[in-house]
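Each chain is listed here by its residues.
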Amino acid sequence: MMNKTSERPNMHLHLKIWRQLNAAAPGKFVSYEKENVSPDMSFLEMLDELNEHLIKTGGDPVAFDSDCREGICGMCGLVINGQAHGPRRATTTCQLHMRSFNDGDTITIEPWRAKAFPVVRDLVVDRSAFDRIIQAGGYVSVNAGNAQDANALPISKYNSDLAMDAASCIGCGACVAACPNASASLFTSAKVSQLALLPQGLVERKERAINMVSQMDLEGFGDCSNYGECEAACPKEISISNIARMKREYVRAALTSA
Amino acid sequence: MLPFLTAVKSSVGKKFLMAITGLFWVFFLIVHLAGNLALLSGNGDFYNKYSHFLMSLGELLYVMEFLLLAFILTHIFSGVSVALGKMRARPQNYDVQKDLGGKSRKTVSASTMIYSGLLLLIFLVVHISHFKYQVGVDREYFTIINGTRMHDLYQLVYDAFGNLWYMLGYEVIMILVFSHLRHGFWSAFQSLGINHPRWSPVINTLGVVLASVIGFGFLILPLYIHFIGGR
(Lines give C-alpha, C1' and ligand atoms only; values in the text may rest on other atoms or scores of the structure.)
Protein backbone atom coordinates (compact mmCIF):
# COMPACT_ATOMS: atom_id res chain seq x y z
CA MET A 1 0.00 0.00 0.00
CA MET A 2 2.86 2.33 0.75
CA ASN A 3 4.63 1.18 -2.38
CA LYS A 4 3.61 3.76 -4.91
CA THR A 5 4.56 2.72 -8.41
CA SER A 6 2.04 4.94 -10.14
CA GLU A 7 2.81 8.54 -10.89
CA ARG A 8 -0.65 9.45 -9.75
CA PRO A 9 -1.11 10.37 -6.09
CA ASN A 10 -3.30 8.28 -3.82
CA MET A 11 -6.99 9.07 -3.85
CA HIS A 12 -9.75 9.80 -1.42
CA LEU A 13 -13.01 8.09 -2.46
CA HIS A 14 -16.58 8.25 -1.26
CA LEU A 15 -18.08 4.75 -1.34
CA LYS A 16 -21.79 4.08 -1.33
CA ILE A 17 -22.22 0.36 -0.72
CA TRP A 18 -25.36 -1.78 -0.64
CA ARG A 19 -25.64 -3.53 2.73
CA GLN A 20 -28.17 -6.32 3.23
CA LEU A 21 -28.16 -8.92 6.02
CA ASN A 22 -29.87 -11.70 4.03
CA ALA A 23 -32.36 -12.31 1.21
CA ALA A 24 -35.34 -11.57 3.44
CA ALA A 25 -34.00 -8.42 5.11
CA PRO A 26 -34.47 -5.04 3.43
CA GLY A 27 -31.16 -3.61 2.29
CA LYS A 28 -29.87 -0.05 2.29
CA PHE A 29 -26.92 1.99 1.09
CA VAL A 30 -24.20 2.83 3.62
CA SER A 31 -21.58 5.49 2.90
CA TYR A 32 -17.89 4.99 3.68
CA GLU A 33 -14.92 7.31 3.24
CA LYS A 34 -11.85 5.53 1.84
CA GLU A 35 -8.58 7.40 2.17
CA ASN A 36 -5.23 6.66 0.61
CA VAL A 37 -6.39 4.56 -2.32
CA SER A 38 -3.50 3.74 -4.64
CA PRO A 39 -4.34 3.89 -8.37
CA ASP A 40 -2.46 0.59 -8.70
CA MET A 41 -4.83 -1.29 -6.42
CA SER A 42 -7.42 -3.59 -7.89
CA PHE A 43 -11.01 -2.78 -7.04
CA LEU A 44 -11.24 -5.81 -4.76
CA GLU A 45 -8.00 -4.88 -2.94
CA MET A 46 -9.58 -1.53 -2.24
CA LEU A 47 -12.58 -3.34 -0.72
CA ASP A 48 -10.22 -5.68 1.21
CA GLU A 49 -8.60 -2.63 2.79
CA LEU A 50 -11.98 -1.18 3.63
CA ASN A 51 -12.93 -4.47 5.31
CA GLU A 52 -9.66 -4.63 7.28
CA HIS A 53 -10.42 -1.17 8.57
CA LEU A 54 -14.00 -2.16 9.40
CA ILE A 55 -12.83 -5.26 11.28
CA LYS A 56 -10.19 -3.29 13.25
CA THR A 57 -12.73 -0.66 14.23
CA GLY A 58 -15.38 -3.19 15.26
CA GLY A 59 -17.53 -2.75 12.16
CA ASP A 60 -19.17 -5.37 9.98
CA PRO A 61 -17.07 -6.16 6.88
CA VAL A 62 -18.75 -5.93 3.48
CA ALA A 63 -19.48 -9.35 1.99
CA PHE A 64 -18.50 -9.77 -1.66
CA ASP A 65 -17.59 -12.72 -3.89
CA SER A 66 -14.17 -13.38 -5.40
CA ASP A 67 -11.90 -16.33 -6.02
CA CYS A 68 -9.11 -16.41 -8.62
CA ARG A 69 -8.71 -12.65 -8.89
CA GLU A 70 -7.22 -13.07 -12.34
CA GLY A 71 -10.38 -12.74 -14.40
CA ILE A 72 -10.98 -16.36 -15.28
CA CYS A 73 -13.19 -17.93 -12.61
CA GLY A 74 -16.38 -15.89 -12.87
CA MET A 75 -16.81 -15.56 -9.11
CA CYS A 76 -16.52 -11.80 -8.68
CA GLY A 77 -19.05 -9.34 -9.94
CA LEU A 78 -20.29 -5.97 -8.72
CA VAL A 79 -22.37 -3.27 -10.33
CA ILE A 80 -20.06 -0.26 -10.06
CA ASN A 81 -21.55 3.15 -10.81
CA GLY A 82 -24.42 1.53 -12.70
CA GLN A 83 -22.29 -0.79 -14.84
CA ALA A 84 -21.76 -4.52 -14.36
CA HIS A 85 -18.03 -5.07 -13.62
CA GLY A 86 -17.51 -1.30 -13.72
CA PRO A 87 -16.43 1.16 -16.37
CA ARG A 88 -13.80 -0.89 -18.25
CA ARG A 89 -15.00 -3.11 -21.11
CA ALA A 90 -14.03 -6.80 -21.32
CA THR A 91 -12.82 -6.70 -17.72
CA THR A 92 -14.00 -8.54 -14.61
CA THR A 93 -14.34 -6.63 -11.33
CA CYS A 94 -11.14 -8.21 -9.98
CA GLN A 95 -9.18 -6.99 -13.01
CA LEU A 96 -10.52 -3.46 -12.67
CA HIS A 97 -7.97 -1.13 -11.16
CA MET A 98 -8.45 2.05 -9.16
CA ARG A 99 -6.65 4.01 -11.88
CA SER A 100 -10.02 3.91 -13.65
CA PHE A 101 -11.29 6.34 -10.99
CA ASN A 102 -10.41 9.85 -9.94
CA ASP A 103 -9.68 11.49 -6.60
CA GLY A 104 -12.90 12.59 -4.91
CA ASP A 105 -15.15 10.25 -6.94
CA THR A 106 -18.28 8.82 -5.40
CA ILE A 107 -18.50 5.12 -6.25
CA THR A 108 -21.84 3.35 -5.90
CA ILE A 109 -21.47 -0.41 -5.46
CA GLU A 110 -24.50 -2.67 -5.84
CA PRO A 111 -25.03 -6.42 -6.17
CA TRP A 112 -26.30 -8.07 -9.39
CA ARG A 113 -30.01 -7.32 -9.23
CA ALA A 114 -32.36 -10.01 -10.52
CA LYS A 115 -35.16 -12.01 -8.96
CA ALA A 116 -33.35 -15.19 -10.06
CA PHE A 117 -30.17 -14.02 -8.23
CA PRO A 118 -31.36 -13.45 -4.64
CA VAL A 119 -28.97 -11.52 -2.40
CA VAL A 120 -27.18 -13.79 0.08
CA ARG A 121 -25.57 -10.92 1.96
CA ASP A 122 -24.47 -7.41 0.97
CA LEU A 123 -22.93 -7.77 -2.51
CA VAL A 124 -23.06 -11.57 -2.69
CA VAL A 125 -25.83 -13.09 -4.77
CA ASP A 126 -26.92 -16.70 -5.21
CA ARG A 127 -26.21 -17.70 -8.83
CA SER A 128 -27.25 -21.34 -8.49
CA ALA A 129 -29.95 -20.65 -11.11
CA PHE A 130 -27.07 -20.84 -13.63
CA ASP A 131 -26.05 -24.25 -12.24
CA ARG A 132 -29.59 -25.55 -12.76
CA ILE A 133 -29.61 -24.28 -16.36
CA ILE A 134 -26.36 -26.20 -16.98
CA GLN A 135 -27.78 -29.29 -15.30
CA ALA A 136 -30.81 -29.12 -17.61
CA GLY A 137 -28.72 -29.74 -20.73
CA GLY A 138 -25.14 -28.49 -20.61
CA TYR A 139 -23.57 -31.93 -20.95
CA VAL A 140 -22.63 -34.48 -23.63
CA SER A 141 -22.89 -38.26 -23.77
CA VAL A 142 -19.54 -40.03 -23.96
CA ASN A 143 -19.25 -43.66 -25.02
CA ALA A 144 -17.50 -45.84 -22.46
CA GLY A 145 -14.48 -47.87 -23.55
CA ASN A 146 -11.22 -46.95 -25.17
CA ALA A 147 -10.50 -43.36 -26.03
CA GLN A 148 -11.27 -42.50 -29.63
CA ASP A 149 -8.43 -41.91 -32.09
CA ALA A 150 -7.26 -38.35 -32.10
CA ASN A 151 -8.66 -36.35 -35.03
CA ALA A 152 -11.25 -39.05 -35.76
CA LEU A 153 -13.90 -36.33 -35.72
CA PRO A 154 -13.04 -33.60 -38.19
CA ILE A 155 -14.16 -30.17 -36.99
CA SER A 156 -13.78 -27.07 -39.14
CA LYS A 157 -11.52 -24.34 -37.82
CA TYR A 158 -14.40 -21.88 -38.20
CA ASN A 159 -16.74 -23.92 -35.98
CA SER A 160 -14.09 -24.77 -33.42
CA ASP A 161 -13.29 -21.05 -33.08
CA LEU A 162 -16.96 -20.17 -32.62
CA ALA A 163 -17.36 -22.96 -30.07
CA MET A 164 -14.26 -21.76 -28.21
CA ASP A 165 -15.56 -18.17 -28.21
CA ALA A 166 -18.83 -19.38 -26.65
CA ALA A 167 -16.98 -21.62 -24.21
CA SER A 168 -15.02 -18.65 -22.85
CA CYS A 169 -18.12 -17.74 -20.81
CA ILE A 170 -17.13 -17.82 -17.14
CA GLY A 171 -20.72 -17.74 -15.88
CA CYS A 172 -20.23 -14.55 -13.84
CA GLY A 173 -23.77 -13.32 -14.48
CA ALA A 174 -22.84 -9.84 -15.74
CA CYS A 175 -25.15 -10.40 -18.73
CA VAL A 176 -28.11 -10.80 -16.39
CA ALA A 177 -26.99 -7.85 -14.27
CA ALA A 178 -26.57 -5.56 -17.28
CA CYS A 179 -29.73 -6.63 -19.13
CA PRO A 180 -32.59 -4.15 -18.63
CA ASN A 181 -34.89 -7.20 -18.57
CA ALA A 182 -32.60 -9.32 -16.34
CA SER A 183 -32.53 -11.96 -19.08
CA ALA A 184 -30.08 -14.86 -18.94
CA SER A 185 -30.16 -15.36 -22.71
CA LEU A 186 -26.46 -14.61 -23.30
CA PHE A 187 -25.28 -17.09 -20.65
CA THR A 188 -27.68 -19.83 -21.72
CA SER A 189 -26.96 -19.29 -25.42
CA ALA A 190 -23.19 -19.47 -24.83
CA LYS A 191 -23.65 -22.82 -23.08
CA VAL A 192 -26.02 -24.09 -25.80
CA SER A 193 -23.66 -22.86 -28.54
CA GLN A 194 -20.39 -24.31 -27.26
CA LEU A 195 -21.94 -27.79 -27.54
CA ALA A 196 -24.24 -27.30 -30.54
CA LEU A 197 -21.28 -26.23 -32.68
CA LEU A 198 -19.33 -29.44 -32.10
CA PRO A 199 -20.14 -33.00 -33.25
CA GLN A 200 -19.89 -34.27 -29.68
CA GLY A 201 -22.82 -32.06 -28.76
CA LEU A 202 -25.18 -33.19 -31.50
CA VAL A 203 -26.58 -36.26 -29.69
CA GLU A 204 -28.53 -34.21 -27.13
CA ARG A 205 -28.92 -31.23 -29.43
CA LYS A 206 -32.73 -31.01 -29.35
CA GLU A 207 -33.28 -31.88 -25.69
CA ARG A 208 -30.53 -29.46 -24.75
CA ALA A 209 -32.04 -26.44 -26.49
CA ILE A 210 -35.53 -27.09 -25.14
CA ASN A 211 -34.50 -28.07 -21.61
CA MET A 212 -32.00 -25.25 -21.06
CA VAL A 213 -34.40 -22.59 -22.39
CA SER A 214 -37.24 -24.04 -20.29
CA GLN A 215 -35.06 -24.02 -17.18
CA MET A 216 -33.97 -20.44 -17.89
CA ASP A 217 -37.63 -19.37 -18.11
CA LEU A 218 -38.50 -21.35 -14.98
CA GLU A 219 -35.80 -19.59 -12.94
CA GLY A 220 -37.58 -16.26 -13.43
CA PHE A 221 -35.16 -14.47 -15.75
CA GLY A 222 -36.68 -11.88 -18.10
CA ASP A 223 -37.09 -12.07 -21.87
CA CYS A 224 -34.51 -10.94 -24.42
CA SER A 225 -35.34 -7.58 -26.05
CA ASN A 226 -32.12 -7.49 -28.08
CA TYR A 227 -30.70 -4.49 -26.22
CA GLY A 228 -27.21 -5.94 -26.51
CA GLU A 229 -26.16 -4.54 -23.11
CA CYS A 230 -25.12 -8.10 -22.19
CA GLU A 231 -22.51 -8.30 -24.95
CA ALA A 232 -21.16 -4.88 -23.96
CA ALA A 233 -20.93 -5.90 -20.29
CA CYS A 234 -19.54 -9.40 -20.85
CA PRO A 235 -15.93 -9.61 -19.58
CA LYS A 236 -15.35 -12.31 -22.21
CA GLU A 237 -17.09 -10.36 -25.01
CA ILE A 238 -19.50 -13.19 -25.85
CA SER A 239 -21.48 -12.16 -28.94
CA ILE A 240 -25.26 -12.00 -29.10
CA SER A 241 -24.95 -14.06 -32.29
CA ASN A 242 -24.97 -16.94 -29.78
CA ILE A 243 -28.46 -15.85 -28.70
CA ALA A 244 -29.57 -16.09 -32.33
CA ARG A 245 -28.05 -19.57 -32.49
CA MET A 246 -29.93 -20.60 -29.34
CA LYS A 247 -33.15 -19.39 -30.96
CA ARG A 248 -32.43 -21.42 -34.11
CA GLU A 249 -31.64 -24.45 -31.97
CA TYR A 250 -34.84 -24.01 -29.99
CA VAL A 251 -37.13 -23.50 -33.00
CA ARG A 252 -35.51 -26.42 -34.81
CA ALA A 253 -35.97 -28.64 -31.75
CA ALA A 254 -39.54 -27.45 -31.14
CA LEU A 255 -40.51 -28.33 -34.72
CA THR A 256 -38.71 -31.65 -35.02
CA SER A 257 -38.36 -33.23 -31.56
CA ALA A 258 -40.37 -36.36 -30.82
CA MET B 1 -42.99 -31.49 -32.00
CA LEU B 2 -43.14 -29.48 -28.85
CA PRO B 3 -46.77 -28.62 -27.94
CA PHE B 4 -47.58 -25.35 -29.72
CA LEU B 5 -48.60 -23.49 -26.57
CA THR B 6 -45.50 -24.58 -24.66
CA ALA B 7 -43.31 -23.38 -27.53
CA VAL B 8 -44.94 -19.97 -28.00
CA LYS B 9 -45.11 -19.29 -24.26
CA SER B 10 -41.35 -19.82 -23.92
CA SER B 11 -39.05 -16.79 -23.98
CA VAL B 12 -37.84 -17.82 -27.44
CA GLY B 13 -41.30 -18.57 -28.88
CA LYS B 14 -42.81 -15.35 -27.56
CA LYS B 15 -40.21 -13.25 -29.35
CA PHE B 16 -40.45 -15.43 -32.47
CA LEU B 17 -44.15 -14.58 -32.74
CA MET B 18 -43.45 -10.92 -32.02
CA ALA B 19 -40.91 -10.89 -34.85
CA ILE B 20 -43.11 -12.63 -37.45
CA THR B 21 -46.14 -10.45 -36.69
CA GLY B 22 -44.02 -7.29 -36.61
CA LEU B 23 -42.39 -8.02 -39.96
CA PHE B 24 -45.82 -8.69 -41.49
CA TRP B 25 -46.92 -5.25 -40.31
CA VAL B 26 -43.79 -3.67 -41.77
CA PHE B 27 -44.76 -5.25 -45.09
CA PHE B 28 -48.29 -3.85 -44.68
CA LEU B 29 -46.94 -0.36 -43.93
CA ILE B 30 -44.86 -0.41 -47.12
CA VAL B 31 -47.98 -1.28 -49.17
CA HIS B 32 -50.02 1.29 -47.23
CA LEU B 33 -47.45 4.01 -47.89
CA ALA B 34 -47.18 3.12 -51.57
CA GLY B 35 -50.97 3.33 -51.90
CA ASN B 36 -51.13 6.62 -50.05
CA LEU B 37 -48.74 8.21 -52.53
CA ALA B 38 -51.93 8.54 -54.63
CA LEU B 39 -52.85 11.34 -52.20
CA LEU B 40 -50.15 13.44 -53.82
CA SER B 41 -52.29 13.65 -56.95
CA GLY B 42 -54.34 16.83 -57.12
CA ASN B 43 -57.16 14.82 -58.64
CA GLY B 44 -59.12 13.17 -55.82
CA ASP B 45 -60.53 10.51 -58.13
CA PHE B 46 -57.08 8.97 -58.35
CA TYR B 47 -56.96 8.17 -54.62
CA ASN B 48 -60.63 7.25 -54.44
CA LYS B 49 -60.13 4.81 -57.31
CA TYR B 50 -57.35 3.15 -55.31
CA SER B 51 -59.70 2.99 -52.34
CA HIS B 52 -62.41 1.55 -54.60
CA PHE B 53 -59.97 -1.06 -55.87
CA LEU B 54 -59.22 -2.17 -52.28
CA MET B 55 -62.95 -2.39 -51.47
CA SER B 56 -63.53 -4.45 -54.62
CA LEU B 57 -61.09 -7.11 -53.38
CA GLY B 58 -64.01 -8.52 -51.39
CA GLU B 59 -63.11 -11.60 -49.36
CA LEU B 60 -59.40 -11.08 -49.95
CA LEU B 61 -59.70 -7.78 -48.10
CA TYR B 62 -61.41 -9.49 -45.16
CA VAL B 63 -58.65 -12.12 -45.03
CA MET B 64 -56.04 -9.36 -44.99
CA GLU B 65 -57.92 -7.43 -42.30
CA PHE B 66 -58.29 -10.57 -40.22
CA LEU B 67 -54.57 -11.33 -40.50
CA LEU B 68 -53.61 -7.76 -39.59
CA LEU B 69 -55.90 -7.85 -36.55
CA ALA B 70 -54.77 -11.29 -35.39
CA PHE B 71 -51.12 -10.41 -35.89
CA ILE B 72 -51.28 -7.08 -34.10
CA LEU B 73 -53.09 -8.69 -31.14
CA THR B 74 -50.35 -11.35 -30.97
CA HIS B 75 -47.71 -8.63 -31.26
CA ILE B 76 -49.29 -6.58 -28.45
CA PHE B 77 -49.75 -9.65 -26.26
CA SER B 78 -46.12 -10.69 -26.54
CA GLY B 79 -44.87 -7.10 -26.17
CA VAL B 80 -46.86 -6.50 -22.98
CA SER B 81 -45.76 -9.90 -21.68
CA VAL B 82 -42.08 -8.98 -22.18
CA ALA B 83 -42.61 -5.62 -20.44
CA LEU B 84 -44.37 -7.21 -17.46
CA GLY B 85 -41.74 -9.96 -17.31
CA LYS B 86 -39.09 -7.27 -17.04
CA MET B 87 -40.67 -5.95 -13.83
CA ARG B 88 -41.02 -9.45 -12.41
CA ALA B 89 -37.43 -10.39 -13.22
CA ARG B 90 -35.96 -7.30 -11.52
CA PRO B 91 -38.25 -6.28 -8.66
CA GLN B 92 -35.55 -4.08 -7.10
CA ASN B 93 -33.95 -1.72 -9.59
CA TYR B 94 -30.43 -0.30 -9.51
CA ASP B 95 -29.86 2.97 -7.74
CA VAL B 96 -27.40 4.06 -10.42
CA GLN B 97 -27.72 2.91 -14.02
CA LYS B 98 -25.37 3.74 -16.86
CA ASP B 99 -25.62 2.38 -20.39
CA LEU B 100 -22.54 0.45 -21.43
CA GLY B 101 -22.08 1.77 -24.96
CA GLY B 102 -19.62 -0.15 -27.11
CA LYS B 103 -21.38 -3.08 -28.74
CA SER B 104 -24.66 -2.34 -26.97
CA ARG B 105 -27.68 -1.67 -29.14
CA LYS B 106 -29.66 -0.05 -26.34
CA THR B 107 -30.77 3.00 -28.25
CA VAL B 108 -33.55 5.36 -27.17
CA SER B 109 -35.74 3.58 -29.69
CA ALA B 110 -34.94 0.19 -28.10
CA SER B 111 -35.65 1.32 -24.53
CA THR B 112 -38.99 2.89 -25.45
CA MET B 113 -40.49 0.05 -27.54
CA ILE B 114 -43.33 -0.63 -25.10
CA TYR B 115 -44.26 3.07 -24.89
CA SER B 116 -44.02 3.78 -28.63
CA GLY B 117 -45.94 0.53 -29.16
CA LEU B 118 -48.79 1.39 -26.80
CA LEU B 119 -49.08 4.94 -28.21
CA LEU B 120 -49.19 3.47 -31.73
CA LEU B 121 -51.99 1.16 -30.57
CA ILE B 122 -54.05 4.14 -29.36
CA PHE B 123 -53.28 5.91 -32.63
CA LEU B 124 -54.37 2.86 -34.63
CA VAL B 125 -57.78 2.80 -32.94
CA VAL B 126 -58.28 6.53 -33.59
CA HIS B 127 -56.93 6.27 -37.14
CA ILE B 128 -59.19 3.38 -38.18
CA SER B 129 -62.31 4.74 -36.49
CA HIS B 130 -61.77 8.10 -38.17
CA PHE B 131 -60.86 7.14 -41.74
CA LYS B 132 -62.53 3.73 -42.04
CA TYR B 133 -65.65 4.09 -39.90
CA GLN B 134 -65.81 7.92 -39.87
CA VAL B 135 -66.54 8.08 -36.15
CA GLY B 136 -67.06 11.68 -35.09
CA VAL B 137 -67.25 12.93 -38.68
CA ASP B 138 -70.28 15.26 -38.82
CA ARG B 139 -70.72 15.63 -42.56
CA GLU B 140 -71.11 12.94 -45.18
CA TYR B 141 -68.34 12.36 -47.68
CA PHE B 142 -69.58 10.70 -50.83
CA THR B 143 -68.39 10.45 -54.38
CA ILE B 144 -69.18 8.30 -57.40
CA ILE B 145 -66.38 6.01 -58.58
CA ASN B 146 -66.97 3.65 -61.51
CA GLY B 147 -70.68 4.13 -61.06
CA THR B 148 -70.59 3.13 -57.38
CA ARG B 149 -71.52 5.56 -54.61
CA MET B 150 -68.73 5.39 -52.03
CA HIS B 151 -66.88 7.36 -49.33
CA ASP B 152 -64.96 10.35 -50.60
CA LEU B 153 -61.90 9.28 -48.62
CA TYR B 154 -59.69 11.76 -50.45
CA GLN B 155 -61.72 14.76 -49.28
CA LEU B 156 -62.01 13.32 -45.76
CA VAL B 157 -58.22 13.01 -45.54
CA TYR B 158 -57.64 16.48 -46.98
CA ASP B 159 -60.15 18.07 -44.60
CA ALA B 160 -58.63 16.25 -41.61
CA PHE B 161 -55.07 17.34 -42.35
CA GLY B 162 -56.31 20.85 -43.13
CA ASN B 163 -56.50 21.20 -39.35
CA LEU B 164 -53.04 22.25 -38.14
CA TRP B 165 -53.24 20.56 -34.73
CA TYR B 166 -54.58 17.32 -36.15
CA MET B 167 -51.79 17.34 -38.69
CA LEU B 168 -49.12 18.03 -36.04
CA GLY B 169 -50.49 15.25 -33.82
CA TYR B 170 -50.09 12.88 -36.75
CA GLU B 171 -46.50 13.94 -37.28
CA VAL B 172 -45.57 13.09 -33.70
CA ILE B 173 -47.03 9.61 -34.16
CA MET B 174 -45.05 9.13 -37.39
CA ILE B 175 -41.83 9.86 -35.49
CA LEU B 176 -42.89 7.07 -33.11
CA VAL B 177 -43.36 4.78 -36.14
CA PHE B 178 -39.77 5.55 -37.15
CA SER B 179 -38.54 4.91 -33.61
CA HIS B 180 -40.45 1.63 -33.25
CA LEU B 181 -39.13 0.30 -36.56
CA ARG B 182 -35.57 1.50 -35.92
CA HIS B 183 -35.14 -1.12 -33.21
CA GLY B 184 -37.95 -3.42 -34.32
CA PHE B 185 -36.70 -4.38 -37.77
CA TRP B 186 -33.21 -5.72 -37.06
CA SER B 187 -34.41 -7.01 -33.70
CA ALA B 188 -37.04 -9.14 -35.44
CA PHE B 189 -34.34 -10.89 -37.44
CA GLN B 190 -32.28 -11.52 -34.30
CA SER B 191 -35.39 -12.96 -32.60
CA LEU B 192 -35.89 -15.28 -35.56
CA GLY B 193 -32.33 -16.50 -35.05
CA ILE B 194 -30.98 -14.71 -38.11
CA ASN B 195 -27.57 -13.29 -37.22
CA HIS B 196 -24.74 -13.54 -39.68
CA PRO B 197 -21.33 -11.85 -39.78
CA ARG B 198 -21.92 -10.62 -43.33
CA TRP B 199 -25.68 -10.10 -43.47
CA SER B 200 -26.46 -8.67 -40.02
CA PRO B 201 -24.89 -5.27 -40.78
CA VAL B 202 -26.93 -5.23 -44.02
CA ILE B 203 -30.13 -6.05 -42.13
CA ASN B 204 -29.36 -3.33 -39.57
CA THR B 205 -28.79 -0.74 -42.30
CA LEU B 206 -31.91 -1.90 -44.14
CA GLY B 207 -33.82 -1.42 -40.87
CA VAL B 208 -32.66 2.18 -40.56
CA VAL B 209 -33.52 2.83 -44.22
CA LEU B 210 -36.96 1.19 -43.97
CA ALA B 211 -37.77 2.96 -40.69
CA SER B 212 -36.79 6.26 -42.30
CA VAL B 213 -38.69 5.64 -45.55
CA ILE B 214 -41.85 4.49 -43.76
CA GLY B 215 -41.70 6.97 -40.85
CA PHE B 216 -40.78 10.01 -42.91
CA GLY B 217 -42.85 8.90 -45.90
CA PHE B 218 -45.97 8.97 -43.74
CA LEU B 219 -44.69 12.18 -42.16
CA ILE B 220 -44.35 14.04 -45.45
CA LEU B 221 -47.88 13.23 -46.69
CA PRO B 222 -49.79 15.30 -44.05
CA LEU B 223 -47.27 18.15 -44.45
CA TYR B 224 -47.81 18.12 -48.22
CA ILE B 225 -51.58 18.00 -47.84
CA HIS B 226 -51.65 20.80 -45.28
CA PHE B 227 -49.29 23.23 -46.95
CA ILE B 228 -49.25 22.41 -50.67
CA GLY B 229 -52.07 20.08 -51.68
CA GLY B 230 -55.81 20.70 -51.80
CA ARG B 231 -58.27 20.94 -54.58
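Rules of the game
- Residues numbered from 1 in each chain as written.
- Chains lettered and ligands numbered in written order.
- Predicted model: local features only at pLDDT ≥ 70, side-chain atom pairs only at ≥ 80, totals over all residues.
- Helix = DSSP H or I, 4+ residues; strand = E, 2+ residues; numbered from the N terminus.
- Buried ≥ 20, exposed ≤ 12 C-beta atoms within 10 Å, placed from the backbone.
- Contact = placed C-beta atoms within 7 Å.
- Core = buried A, V, L, I, M, F, W, Y, C linked by C-beta atoms within 7 Å.
- Arc of directions from axis to C-beta.
- Domains from an automatic or database assignment.
- Nonpolar A, V, L, I, M, F, W, Y, C, P; charged D, E, K, R; others polar.
- Pairing = 2+ DSSP bridges.
- Axes fitted to C-alpha atoms, helices over the stretch in contact; angles between N-to-C directions.

### Looking at the overall build of chain A
Here's step 1: For chain A, the count of helices and strands is eight helices and seven strands.
Here's step 2: Its C-alpha atoms give chain A principal-axis dimensions of about 60 × 40 × 35 Å.
Here's step 3: Buried positions account for 47% of the 258 residues belonging to chain A.
Here's step 4: Summarising the internal contacts of chain A: among those between residues at least 6 apart in sequence, 72% fall at separations of at least 24.

### Thoughts on the nonpolar core
Here's step 1: Counting residues in hydrophobic clusters, the biggest one holds 104 residues, and the most contacted among them are A:A114, A:C175, A:V176, A:A178, A:L186 and A:A233.
Here's step 2: With nine residues, the single largest contributor to this core is helix α8 (residues 164-191) of chain B.
Here's step 3: A:A114 has contacts with A:V176, A:A177, A:A182, A:F221, B:A89 and B:R90, leaving out every residue within four places of it along the chain.

### Describing helix α7 (residues 153-162) of chain B
Residue and element names in this part refer to chain B.
Here's step 1: Among the residues making up α7, those that are buried are L153, Y154, V157 and F161. Looking down the long axis of α7, one finds its buried residues gathered within 105 degrees of arc, a one-sided arrangement.
Here's step 2: For α7, the elements touching its buried residues are α3 (44-55), α6 (113-131), β2 (148-151), α8 and α9 (199-227).

### What about the domain arrangement of chain A?
Residues and elements named next belong to chain A.
Here's step 1: One can read the domain layout of chain A as domain 1 (11-119) and domain 2 (127-256).
Here's step 2: Here the C-alpha centre of domain 2 lies 29 Å away from the C-alpha centre of domain 1.
Here's step 3: Counting residues at the interface gives 19 residues for domain 1, matched by 18 residues for domain 2.
Here's step 4: Grouping the constituent residues of the side of domain 1 that touches domain 2 by class yields nine nonpolar, seven polar and three charged.

### Some details on the pairing of strand β1 (residues 142-145) of chain B
Residues and elements named next belong to chain B.
Here's step 1: Here β1 runs beside β2; their pairing, made up of four bridges, is antiparallel. From the neighbouring strand, T143 faces β2, where its bridge partner is M150.
Here's step 2: Hairpin geometry of β1 and β2 is characterised by an intervening segment of two residues between the two adjacent antiparallel strands and by a positive phi of about 50 degrees at N146.

### Section: the interface of chain B and chain A
How big an interface is tends to be reported as the loss of accessible area on association of its parts.
Here's step 1: In this assembly, 40 residues from chain B lie in contact with 44 residues from chain A.
Here's step 2: Listed by contribution, the elements that provide at least two residues to the side of chain B that touches chain A are α2 (11-36), α4 (59-89), α5 (108-111) and α8 of chain B.
Here's step 3: Split into classes, the residues belonging to the side of chain B that touches chain A amount to 15 nonpolar, 15 polar and ten charged.

### Details of the packing of α3(B) against α7(B)
Here's step 1: Where α3(B) contacts α7(B), the axes come no closer than 8 Å and their chain directions differ by 115 degrees. In this structure, α3(B) contributes B:G44, B:Y47, B:N48 and B:S51 to the contact, and α7(B) contributes B:L153, B:Y154 and B:Q155.

### Describing the sheet that holds strand β4 (residues 83-84) of chain A
Residues and elements named next belong to chain A.
Here's step 1: Taken in spatial order, the five strands of this open sheet run β2-β1-β5-β3-β4, and their pairing is mixed. The open sheet has two edge strands with one neighbour each: β2 (28-37) and β4.
Here's step 2: In the sheet, strand β3 (residues 79-80) pairs with strand β5 (residues 106-110) via two bridges, with the strands oriented antiparallel. Considered in β5, the bridge of I80 is made with I109.

### Description of helix α2 (residues 128-137) of chain A
Side chains three or four residues apart in an α-helix point the same way, a direct result of the helix having 3.6 residues per turn.
Residues and elements named next belong to chain A.
Here's step 1: Of all the residues in α2, the buried ones are A129, F130, I133, A136 and G137. Each buried residue of α2 sits inside an arc of 115 degrees when the element is viewed along its axis, so together they form one side.
Here's step 2: Each element contacted by the buried residues of α2 is listed here: α5 (185-196) and α6 (205-218).

### Brief notes about the environment of A:L153
All names here are of chain A.
Here's step 1: Among the secondary structure elements, L153 is positioned in the loop between α2 and α3 (157-167).
Here's step 2: The exposure class of L153 is exposed, given the 10 C-beta atoms found within 10 Å.
Here's step 3: Remark: the alpha-carbon pair of L153 and P199, spanning 46 residues in sequence, is separated by 7.5 Å.

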